[in-house]
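So you can see what is in the structure, the chains are spelled out below.
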Amino acid sequence: MSDCIFCKIIDHEIPSAIVYEDEDVLAFEDINPLAKVHILIIPKKHIATTADLCEEDAAVVGKIYLVARKIAEEKGMAEDGYRIVNNCKFFGGQEVFHLHFHLLGGEKLGQFV
Ligand code: 5GP
Ligand code: ZN
């Protein structure tokens, strides 16, 4: 998707602080962190929202969770815990329409709605 900022990050057209990369998944620091650790984990395939997932995407979503676990371990968050958030469309508060999972932690997080 030529007008998608996360596709541009995947293509290194927009710089980002990458923390993990493989053929299917990219993880990078959120530009506006809401916690001590705030990392975005995305599929390299452009999928707009959770509502657009299809059967063939099941593997990459599973992989994203394993990448989240790995990063959480590397950041020392495995014992105390962390949060993985996916915002879907307008009511969910989604602003960037390329599927992404927020990995948040490094401190006690507040409750949310
Ligand atoms: P959403 O509200 O769509 O779930 O989350 C989008 C996230 O992308 C926000 O936390 C925002 O700070 C982050 N973000 C938006 N543009 C950029 C960017 O150009 N670079 C990085 N690293 N993060 C971005
Ligand atoms: Zn995209």
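A brief look at the structure comes next. None of the values given here were measured: they were computed from a predicted structure.

### Comments concerning unusual backbone geometry
Reasoning step 1: Backbone geometry at histidine 12 places phi at a positive 65 degrees, although glycine is not the residue there.
Reasoning step 2: Topologically, histidine 12 is positioned in the loop between helix H1 (5–10) and strand S1 (18–21).
Reasoning step 3: Look at lysine 89: it is not a glycine, yet its phi comes out positive at around 60 degrees.
Reasoning step 4: Along the chain, lysine 89 turns up in helix H3 (residues 89–92).
Reasoning step 5: By relative accessible area, which is 42% here, lysine 89 ends up partly exposed.

### Some remarks on the nonpolar core
Generally speaking, soluble globular proteins have nonpolar side chains that are buried together.
Reasoning step 1: Counting 18 residues, the largest nonpolar core has Val25, Ile39, Ile41 and Ile71 as its most contacted members.
Reasoning step 2: Per-element tally for this core: the top contributor is helix H2 (residues 58–74), with seven residues.
Reasoning step 3: Sequence-distant contacts of isoleucine 71, that is, excluding residues within four places in its chain, are made with Val19, Tyr20, Ala27, Ile39, Ile41 and Leu103.
Reasoning step 4: Within the second largest apolar cluster, 10 residues are counted, among which are Phe6, Leu26, Phe28 and Val96.

### Here's the deal with the site of ligand 1
Reasoning step 1: As a matter of local geometry, ligand 1 sits amid 16 residues, with Asp30, Asn87, Glu95, His100 and His102 nearest to it.
Reasoning step 2: Take asparagine 87: an N or O atom from its side chain is 2.8 Å from an oxygen atom of ligand 1.
Reasoning step 3: At a separation of 2.8 Å, an oxygen atom of ligand 1 approaches a polar side-chain atom of histidine 100.
Reasoning step 4: About the coverage of ligand 1: the protein hides 85% of its 530 Å² of free accessible area.
Reasoning step 5: Of the pockets mapped on this structure, ligand 1 occupies the largest pocket.
Reasoning step 6: Those elements that place two or more of their residues in the shell around ligand 1 are H1 and strand S2 (25–29).
Reasoning step 7: Considering every element that reaches the shell around ligand 1, the biggest residue donor is H1, with three residues.
Reasoning step 8: Residue composition of the shell around ligand 1, by class: seven nonpolar, six polar and three charged.

Calculation criteria
Residues numbered from 1 in each chain as written. Chains lettered and ligands numbered in written order. Predicted model: local features only at pLDDT ≥ 70, side-chain atom pairs only at ≥ 80, totals over all residues. Heavy atoms only, no water. Helix = DSSP H or I, 4+ residues; strand = E, 2+ residues; numbered from the N terminus. Buried < 20%, exposed > 50% of the residue type's maximum accessible area, 1.4 Å probe, protein only. Core = buried A, V, L, I, M, F, W, Y, C linked by side-chain atoms within 4.5 Å. Contact = heavy atoms within 4.5 Å. Near = heavy atom within 4 Å. Polar contact = N/O pair within 3.5 Å; in protein donor to acceptor, adjacent residues only side chain to side chain. Areas by Shrake-Rupley, 256 points an atom, 1.4 Å probe, with all protein chains shown as cover. 1 Å grid on protein atoms, 1.4 Å probe; cavity = no way out; pocket = protein on both sides within 12 Å on 5 of 7 lines; lining within 4 Å. Sits in = over half its atoms within 2 Å of the grid points. Nonpolar A, V, L, I, M, F, W, Y, C, P; charged D, E, K, R; others polar.

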